[in-house]
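# Architecture and fold: a report
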Amino acid sequence: MKKINKEILIKFRKTTDPKKLDEMLYNFEKTMNQLNYNYFLKESENPFIYLIEYSKPEDLIKQLQQKEYEDLEIVDMMIVKCTINNLNHIIDVILKKIRNKLQYTDTYNLTCHMDSYITCYSKDEFEEILNENLKDLIYIQQNSNNPTWNINIYIIGEISAINITRSNKNRNKFNQYMVKT
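First things first, this report covers the structure right here in the doc. (Residues numbered from 1 in each chain as written. Predicted model: local features only at pLDDT ≥ 70, side-chain atom pairs only at ≥ 80, totals over all residues. Heavy atoms only, no water.)

### A word on a positive patch on the surface
- Residues Lys-6, Lys-97, Lys-101 and Arg-166 make up a contiguous surface patch of positive charge.
- You can see Lys-6 is positioned in strand β1 (residues 6-12).
- The class for Lys-6 is partly exposed, based on a relative accessible area of 42%. (Patch = residues over 30% accessible without salt bridge, like charges linked within 9 Å, V, L, I, M, F, W, Y side chains within 5 Å. Areas by Shrake-Rupley, 256 points an atom, 1.4 Å probe, with all protein chains shown as cover. Salt bridge = Lys/Arg side-chain N within 4 Å of Asp/Glu carboxyl O. Lys, Arg positive; Asp, Glu negative; His and termini not counted. Charge placed at Lys NZ, Arg CZ, Asp CG, Glu CD. Helix = DSSP H or I, 4+ residues; strand = E, 2+ residues; numbered from the N terminus. Buried < 20%, exposed > 50% of the residue type's maximum accessible area, 1.4 Å probe, protein only.)

### What about the side chain of Asn-163?
- Considering the arrangement of structural elements, one finds Asn-163 in strand β8 (residues 159-166).
- A polar contact is formed between the side chain of Asn-163 and the backbone oxygen of Ile-79, at a distance of 2.6 Å.
- Apart from residues lying up to four places away in sequence, Asn-163 is in contact with Met-78, Ile-79, Val-80, Asn-150, Ile-151 and Asn-152. (Polar contact = N/O pair within 3.5 Å; in protein donor to acceptor, adjacent residues only side chain to side chain. Contact = heavy atoms within 4.5 Å.)

### Observations concerning the environment of Leu-134
- Topologically, Leu-134 is positioned in helix α4 (residues 123-138).
- Overall, Leu-134 belongs to the buried group, its relative accessible area being 0%.
- Along the sequence, Leu-134 and Ile-94 sit 40 residues apart, while their C-alpha atoms lie 8.9 Å from each other.
- Here Leu-134 is in contact with Ile-94, Tyr-108, Leu-110, Tyr-139 and Ile-151, once residues within four sequence places are set aside.

### Focus on the packing of helix α3 (residues 87-98) against α4
- Where α3 contacts α4, the axes come no closer than 11 Å and their chain directions differ by 45°. As summarised for this structure, α3 and α4 are arranged oblique, according to the angle between their axes. Crossing of α3 over α4 shows right-handed handedness. Residue-level inspection shows Leu-87, Ile-90, Ile-91, Ile-94, Leu-95 and Ile-98 of α3 in contact with α4, the latter providing Phe-126, Ile-129, Leu-130, Asn-133, Leu-134, Leu-137 and Ile-138. (Axes fitted to C-alpha atoms, helices over the stretch in contact; angles between N-to-C directions. Parallel < 35°, antiparallel > 145°, perpendicular 65-115°, else oblique. Left-handed = near helix turned anticlockwise from the far one by under 90°.)

### Focus on helix α1 (residues 18-34)
- With 17 residues, α1 should cover 24 Å at 1.5 Å per step; its first-to-last C-alpha distance of 24 Å lies within 8% of that length.
- Of all the residues in α1, the buried ones are Leu-21, Met-24, Leu-25, Phe-28, Thr-31 and Met-32. Looking straight down α1, one finds its buried side chains confined to an arc of 125°; they lie on one side. Across α1 from its buried face, at more than 90 degrees, point the exposed residues Lys-19, Asp-22, Tyr-26 and Gln-34.
- Capping the start of α1, Asp-17 holds a side-chain oxygen 3.2 Å from the backbone nitrogen of Lys-19, two or three residues further along.
- Note on α1: the residue one or two positions beyond its end, Asn-36, has a positive phi of about 60°. (Expected span 1.5 Å × (residues − 1). Arc of directions from axis to C-beta.)

### Things to note about α3
- For α3, which comprises 12 residues, the first-to-last C-alpha distance of 17 Å matches the rise-based estimate of 16 Å (1.5 Å per residue) to within 8%.
- If you check which residues of α3 are buried, you get Ile-90, Ile-91, Val-93, Ile-94, Leu-95 and Ile-98.

### Brief notes about a negative patch on the surface
- A surface patch of like charges, here negative, comprises Asp-124, Glu-125, Glu-128, Glu-132 and Asp-136.
- Tracing the backbone through its elements, the reader meets Asp-136 in helix α4.

### Thoughts on the packing of aromatic side chains
- Applying the stated rule across the entire model yields three aromatic pairs.
- Where Tyr-37 meets Tyr-54, the ring centres are 5.1 Å apart and the plane angle is 75°; that geometry is what we call edge-to-face. Of the two residues, Tyr-37 sits in the loop between α1 and β2 (40-43) while Tyr-54 sits in strand β3 (residues 49-54), which places them 17 residues apart along the sequence.
- By relative accessible area, Tyr-54 is classed as buried at 9%.
- A connected cluster of aromatic rings, assembled from ring pairs, spans Phe-12, Phe-28 and Tyr-50. (Phe/Tyr/Trp six-rings, centres within 6.5 Å; stacked < 30°, edge-to-face > 60°.)

This is the structure in structure tokens:
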């Protein structure tokens, strides 16, 4: 049986010194090798963003967020689903992830991160087009204050990395009857 590796987006601190960037990558790979993780590091079109294929991404993220690894200069890490940078493919990935988990009272917040040097849309135009399509397809409202679903899309050249998280809202209908201590 084939083992499916999940992808993690890793964003390093920006620097104008190429030697500093090489040093950050060297330290990261050295740490990963010391931890004996079997991973596959993939470059993107942005020199500060890398994708890692790894079978247990939650464990890896927890490990690298510990105090002892602050010197790696990682700004952000998250589990993502990658697809080609095409509006239809992006919407398809979003729908596959949340379609069967939606309730009519759910809301969402969509945030686009343009980390590409070549873009055909501005960030606002792209968000607007995606929001219109999502509202038509999933019939839930957008809410940026306290959404049920947070959808983050990282546009990285020809690849889009999509991270979808559900808020910590307890959706148990009996929650209102529980005594809070």
